[in-house]
Amino acid sequence: MLPPQPNHLGSRKERFMAPRASRKKSQDPRHSGTEYQHPLRIVPLHTAPRIVSATHPELTYRNGPLLTNAEVFTLFWGSAWQAAANSPLMTHMNDFFDFVLTSKLLDQLAEYNVPGKSIGHGKRTGTTVLTSSEPGKTVTDAAIQKMLQSEITAGTLPGKTANSLYFVFLPPGTQVDQGGSKSCTSFCGYHDSTADNIFYAVMPYPGCAGCEGGLAVPDALTSTSSHELCEAITDPVPGTGWYDDANGEIGDICAWKTKTLGSYVVQLEWSNSADACV
Ligand SMILES: [Zn+2]
């Protein structure tokens, strides 16, 4: 858990850890002049100081898309995933998605239904280990987007629908660079959308104390994945769905507060109706 840091009250600048979008201004409908900050979409490190906003959390809907019946495809990038030491984690994560997409975690998101968009259960549509290319020691967000686009074109990944969500898992030893911010230094995972609305989440291997959060690796990864899953459902294009300008997305407000659901560790999510992390 992340204890409040009263000396950081109102420190808005530090809350926005995520870098600006790599999209050009003119392509980004969210850009609104010089005040623009990229919407929060990362899982912060467990050890990062918890910045408590002076503003009470209240998600508001910004008229963008929602994933009403999420279709999750898991992609494990790199031949390292074929090693005997890593394959149990792949199985664990696929089993987790099969469970969580029809669980109470998704039921609780129904309070964020809007006219014409009802959030229901989802499903895992498949999985693959991608070995035709390697992520290497450092992989950029731009390279991840390019990989997704080319693998969808090649048919290695299913074509996108309005509900598609591609979860990209990186192997041990690969650091993700998102606009200069790095995994295990600045974040433990994030979700985003490409300019052509491919919705995706990036989950670096939690190989550092800040991203294990005192949990075993499989539990840390289900916790951070549940954070990104709920955010991708309620705010697939960051900042255009359910969002709070001061506090971020549904999972950001409750970062590293966890519960056990079935046999999995998941993160609590912000509930407007309960006025609490639930
Ligand atoms: Zn988040």
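Higher on the page you've got the structure.
Everything numeric in this text was worked out from a predicted model, so none of it was measured.

**A short note on the overall build of the protein**
Here is step 1 of the chain: Across its full length, the protein carries six helices and 15 strands.
Here is step 2 of the chain: Evaluated residue by residue, the protein yields a buried proportion of 43% over its 278 residues.
Here is step 3 of the chain: Within the protein, contacts between residues separated by at least 24 positions form 74% of all contacts whose residues are at least 6 apart in sequence.

**As for helix 2 (residues 87-100)**
Here is step 1 of the chain: Under the 1.5 Å per step criterion, the end-to-end length of helix 2 is 20 Å for 14 residues, consistent within 8% with the ideal 20 Å.
Here is step 2 of the chain: For helix 2, every residue scored as buried is listed here: M93, F96, F97 and V100. Taken down its axis, helix 2 places every buried residue within 95° of arc, on the same side. Across from the buried face of helix 2, at angles greater than 90 degrees, the exposed residues are P88 and T91.
Here is step 3 of the chain: Where helix 2 is buried, its residues meet strand 3 (71-77), helix 3 (104-107), strand 4 (123-130), strand 6 (164-169), helix 6 (217-234) and strand 13 (264-267).

**Looking at the sheet that holds strand 5 (residues 138-140)**
Here is step 1 of the chain: Strand order across the open sheet formed by three strands is 5-7-8, with mixed pairing between neighbours. Unpaired on one side and paired on the other, strand 5 and strand 8 (181-182) mark the two borders of the sheet.
Here is step 2 of the chain: Contacts between helix 4 (residues 141-154) and the sheet are confined to strand 5 and strand 7 (175-178), with strand 5 contributing the most and set at about 70° to the helix.

**Here's the deal with helix 4**
Here is step 1 of the chain: Between its terminal C-alpha atoms helix 4 stretches 20 Å, which fits the 20 Å expected from 14 residues at 1.5 Å a residue.
Here is step 2 of the chain: Of all the positions in helix 4, only D141, I144, Q145, M147 and L148 are classed as buried. For helix 4, the buried positions fall inside an angular range of 160° around the axis, keeping them on one side. Facing away from the buried side of helix 4 by over 90 degrees, the exposed positions are K146, T153 and A154.
Here is step 3 of the chain: Of the surrounding elements, those touching the buried residues of helix 4 are strand 5, strand 6, strand 7 and strand 10 (199-203).
Here is step 4 of the chain: Once helix 4 ends, the next one or two residues include G155, with phi positive near 90°.

Criteria and thresholds
- Residues numbered from 1 in each chain as written.
- Predicted model: local features only at pLDDT ≥ 70, side-chain atom pairs only at ≥ 80, totals over all residues.
- Helix = DSSP H or I, 4+ residues; strand = E, 2+ residues; numbered from the N terminus.
- Buried ≥ 20, exposed ≤ 12 C-beta atoms within 10 Å, placed from the backbone.
- Contact = placed C-beta atoms within 7 Å.
- Expected span 1.5 Å × (residues − 1).
- Arc of directions from axis to C-beta.
- Pairing = 2+ DSSP bridges.
- Axes fitted to C-alpha atoms, helices over the stretch in contact; angles between N-to-C directions.

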